[in-house]
Amino acid sequence: MTVTLQPVSIDNWYACTQLNVTPEQRSVFPAPVVYWIAESKFVHDFELRAIYAEGRVVGFLVYCTSADQDDNCWIPALMIDEQHQGKGYGREAMEVLIQLMSELSCKRIMIGHRPSNEIAGKLYESLGFMRVSEEVIDGEIVRLLQLE
């Protein structure tokens, strides 16, 4: 299985907007992909990637190309389409993204997830992301991966 991350472009943006999470997951991933595409036009360090597997778009992610004031690089969004969940695409996409972000000189990668999204929490933990606090911050559990 090989997952690649391709820039969202004129060739794949519409396919990205057709991605959906399951109805049960809509409370943990409430913003549709079209929202992230629109926001990226105003937040200039947002990079959008279509997650490809088996020659088709199976997911979508957003990451920041520059660190915040605390030297953290953020991953604001990661989603795998409901038809492609449970196949390991999320893990593989995260592994590729972590490598990409380390090449951008990110030393600390931050990601958040809703407390009820236990699948995301377990995935991030298995990749080395540790909780930064026992408290829920702005409705999310925030996790950190220290690269150096």
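Predicted, not measured: the structure shown is a model, and the values here were computed from it. (Residues numbered from 1 in each chain as written. Predicted model: local features only at pLDDT ≥ 70, side-chain atom pairs only at ≥ 80, totals over all residues. Heavy atoms only, no water.)

1. Structural notes on the side chain of Asn12
Phase 1 of the analysis: Structurally, Asn12 is set in the loop between strand 1 (3-7) and helix 1 (13-17).
Phase 2 of the analysis: Within polar-contact distance, the side chain of Asn12 engages the backbone nitrogen of Ser9 at 2.7 Å.
Phase 3 of the analysis: Non-local contacts of Asn12, meaning those with residues more than four positions away in its chain, are made with Gln6, Pro7, Ala50, Tyr52 and Val57. (Helix = DSSP H or I, 4+ residues; strand = E, 2+ residues; numbered from the N terminus. Polar contact = N/O pair within 3.5 Å; in protein donor to acceptor, adjacent residues only side chain to side chain. Contact = heavy atoms within 4.5 Å.)

2. Concerning the sheet that holds strand 5 (residues 77-80)
Strands pair in a sheet through their backbones, by hydrogen bonds, and they do so in one of two ways: parallel or antiparallel.
Phase 1 of the analysis: An order of 1-2-3-5 is seen for the four strands of this open sheet, with the pairing classed as antiparallel. Each of the sheet's edge strands pairs with one partner strand only, and the pair in question is strand 1 and strand 5. Across this sheet, the average inter-strand angle for adjacent strands is 25 degrees, counted without regard to direction.
Phase 2 of the analysis: Where strand 3 (residues 56-64) lies against strand 5, four bridges are found, and the strand directions are antiparallel. Looking across to strand 5, one finds that Val62 is bridged to Ala77.
Phase 3 of the analysis: Those strands touched by helix 3 (residues 89-103) are strand 1, strand 2 (46-53), strand 3 and strand 5, and its axis lies near 60 degrees from that of strand 1. (Pairing = 2+ DSSP bridges. Axes fitted to C-alpha atoms, helices over the stretch in contact; angles between N-to-C directions.)

These figures capture arrangement, not role.
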